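For reference, the chains in residue letters:
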Amino acid sequence: MAPISTTTFTSFLFFFLLHHISVHSLTRPTGFTTDLIHREFSPLSPFYDQSNTKFDRLRNTIHRSFSLLSKPSSSPNTIQSEITPVSGEYLMNVSIGTPPFNILSIASTGSDLTWTQCQPCTRCFKENSPLFNPENSSTYTKVPCNSRPCAAVTTSTCSANNYCRYNYSYGDNSFTQGDIAVDAFTFGSTSGRPVTIPSVIFGCGHANVGTFTESSSGMVGLGGGPLSIINQLENSIKGKFSYCLVPPNKKSKTSKINFGNNAVVSGTGVVSTPLITKSPSTFYYINLEKITVGDQTLEFKASLNSRKGDVEGNIIIDSGTTLTLLPSDLHSGLVSKVKENVNENPIRDSNGLFDLCYSIGDNGGVENLNLPNITFHFTGADVDLTPTETFMEVEEGLVCLTIVPSDEFAIFGNLSQMNFLIGYDLVKNQVSFKRTDCSKQQ
């Protein structure tokens, strides 16, 4: 479809925001649920390799977490989203355009811009599936430079024809470049009725280079910034989404992500903590006050990467990072307290990745060791983690603490979030936790 003028686009966007989403909300359910496919452990994932053992799969996910610990390059003109990891752990099926064109993309709460590889592709990573061709979509429209969506892209430039272009870099030097555009997005739903959003702003990438993989097309941005899917759908989903992550050993079950009315977390046992507004707005910041091991408490005394006096929002909650990362001093204290509570001698991790490991021999899994619960005390919310959420068998007979040191980021990772229904409410500015058997979520 031919590009429309700036004036026409602005009027269209205004009309869409005030009218079309509200019509959509009335004619379709204001909530829906879709699958989150773990890239390594789910047989539904194109990355799933039957020849790999469970330890091979876990090792792959762990190495991606450790890749976060390399500090990204920066300059006065570097956008803050560069600290976003390029690889998430969960995938979503999404369709773009009219008629719908199916893509499989990484779902990331640590990224804002949704983008996919597009034809023509001047410099693109190899992809197993065909690329989206905007010429085949009757609803595809490029975004002009002097528009609010373009202004929301911190790295935007103007093409010779005055259309908005983007250039996003990631912490591992991967990048994506292309056009900012608008098109219809269709999301699969567990109800069997796909949900179509008539107009979503996204990146149509014509140059995409780096550690992207052949089986995914791009990224679905679930972060907190203005261009994320969550904020674009604010009028229809009321700023609410939630997910329930199934543990890796339940590979026959699929994790779920919920939007709108389906995302409400309520009932007995729910605890909530405020979301802290900080820059960059991409990330979901919460405040960790202390950690308890058994009956011993460790205070979180400092904030990472913050201005002097800015101690709130000292940890990011992220579904795309496998391990939980803590400042070195806090992590060291945690390891010491765990050792004091375990009547076993620690053994060395032969791969040198983990600081605290124990042998389980032939006696079964983590549950057969007398390991302590570890409680994360967020402001207003005590999240009690059992050993199955803080330790994992990383090789035959060896279980290790999946909380590791980092002086670059503090992140509450997805292994610590397993078997919790976790809800984000961007209107109330809070994150809620409810202990749940995620394998039974529909």
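Please read these numbers as outputs of a predicted model, since none were measured by experiment.

Moving on, we come to the overall build of the chain. A tally of regular secondary structure across the chain gives 7 helices and 28 strands. Here the chain holds 442 residues, and the buried ones make up 56% of them. Residue pairs at least 24 apart in sequence account for 70% of intrachain contacts in the chain once pairs closer than 6 positions are excluded. Carbon and sulfur atoms make up 49% of the accessible area of the chain, which amounts to about 18,800 Å² in all.

It is worth spelling out a negative patch on the surface at this point. A surface patch of negative charge is lined by Glu289, Glu299, Glu312, Asp382 and Asp384. Structurally, Glu299 can be placed in strand S17 (residues 296-299).

A few words on the pairing of strand S3 (residues 101-108). Of all 8 residues that make up S3, 6 are buried, and the element is covered over most of its length. By the bridge criterion, 7 bridges tie strand S2 (residues 90-96) to S3 in an arrangement that is antiparallel. Opposite Leu91, over in S3, you have Ile106 as the bridge partner. Pairing analysis gives 3 bridges linking S3 to strand S11 (residues 218-221), with the strands arranged parallel. By the bridge assignment for S11, Ser108 is matched with Gly221.

With that settled, consider the pattern of salt bridges. Applying the stated criterion to the full structure yields 5 salt bridges. Between Asp425 and Lys240 there is a salt bridge, and its shortest N-O distance comes to 3.9 Å. With Asp425 in strand S27 (residues 420-425) and Lys240 in strand S12 (residues 240-244), this residue pair connects regions lying 185 residues apart in the sequence. With relative accessibility at 9%, the residue Asp425 sits in the buried group.

Checked against the element boundaries, Ser138 lands in the loop between strand S5 (123-124) and strand S6 (141-142). A C-alpha to C-alpha distance of 5.6 Å links Ser138 and Thr98, two positions 40 residues apart in sequence.

Take the confidence of the model for the chain next. Per-chain confidence: the chain averages 80 in pLDDT, with 77% of residues scoring 70 or above. Note that pLDDT drops below 50 for residues 1-29; the model gives that stretch 43 contacts with residues more than four away or on any other chain. Note on residues 68-87: pLDDT under 50 across the span, and 47 contacts to partners over four residues away in sequence or across chains.

Side chains of a nonpolar character, in soluble globular proteins, are inclined to be buried together. Grouped together as the largest cluster of nonpolar side chains are 85 residues, with contacts concentrated most on Ile317, Leu334, Phe376 and Phe378. With 5 residues, the single largest contributor to this core is strand S10 (residues 195-209). Excluding anything up to four places from it in sequence, Phe378 contacts Thr273, Ile286, Asn287, Leu288, Ile315, Val383, Phe412 and Phe433. Formed by 18 residues, the second largest nonpolar core is a distinct cluster that contains Ile106, Val143, Val182 and Ile201.

This next bit is on the sheet that holds strand S24 (residues 398-401). One open sheet accounts for 3 strands, arranged S20-S24-S23; its pairing is antiparallel. The open sheet is flanked by strand S20 (357-359) and strand S23 (391-395), the only strands paired with a single partner. Between one strand and the next, the sheet's axes are offset by a mean angle of 35°, whatever the strand orientation. Bridge count for S23 against S24 is 4 bridges, and the pairing is antiparallel. Across the sheet, residue Glu395 finds its bridge partner in S24, namely Leu398. Along the sheet, helix H6 (residues 328-341) contacts S20, S23 and S24; its crossing angle with S24, the most-contacted strand, is approximately 135°.

Where burial is concerned, most of S10 is hidden: 12 out of the 15 residues are buried. Where strand S4 (residues 115-117) meets S10, 3 bridges bridge the pair, whose relative direction is parallel. Residue pairing across strands places Gln117 opposite Gly205, the latter belonging to S10. Of the pairings in the sheet, the one linking strand S9 (residues 175-187) to S10 comprises 12 bridges and is antiparallel in character.

Counted by the stated rule, this structure contains 22 aromatic pairs. Summarising the aromatic geometry, the rings of Phe32 and Phe187 are spaced 5.7 Å apart at their centres and angled 40° between planes, so their arrangement reads as tilted. In this pair, Phe32 is assigned in strand S1 (residues 31-38) and Phe187 in strand S9, connecting sequence segments 155 residues apart. As far as the burial class goes, Phe32 and Phe187 line up, both buried. Ring centres of Phe241 and Tyr284 lie 6.0 Å apart, and the angle between their planes is 50°; on these two criteria the pair is classed as tilted. Residue Phe241 is found in strand S12, and its partner Tyr284 is found in the loop between strand S14 (271-274) and strand S15 (285-286); the two are separated by 43 residues along the sequence. Note on Phe241: relative accessible area 0%, which makes it buried. An aromatic cluster is present here, built from Phe32, Phe101, Phe132, Tyr140, Phe185, Phe187, Phe202 and Phe259 joined pairwise through their rings.

Criteria and thresholds
- Residues numbered from 1 in each chain as written.
- Predicted model: local features only at pLDDT ≥ 70, side-chain atom pairs only at ≥ 80, totals over all residues.
- Heavy atoms only, no water.
- Helix = DSSP H or I, 4+ residues; strand = E, 2+ residues; numbered from the N terminus.
- Buried < 20%, exposed > 50% of the residue type's maximum accessible area, 1.4 Å probe, protein only.
- Contact = heavy atoms within 4.5 Å.
- Areas by Shrake-Rupley, 256 points an atom, 1.4 Å probe, with all protein chains shown as cover.
- Patch = residues over 30% accessible without salt bridge, like charges linked within 9 Å, V, L, I, M, F, W, Y side chains within 5 Å.
- Salt bridge = Lys/Arg side-chain N within 4 Å of Asp/Glu carboxyl O.
- Lys, Arg positive; Asp, Glu negative; His and termini not counted.
- Charge placed at Lys NZ, Arg CZ, Asp CG, Glu CD.
- Pairing = 2+ DSSP bridges.
- pLDDT = per-residue confidence, 0-100.
- Core = buried A, V, L, I, M, F, W, Y, C linked by side-chain atoms within 4.5 Å.
- Axes fitted to C-alpha atoms, helices over the stretch in contact; angles between N-to-C directions.
- Phe/Tyr/Trp six-rings, centres within 6.5 Å; stacked < 30°, edge-to-face > 60°.

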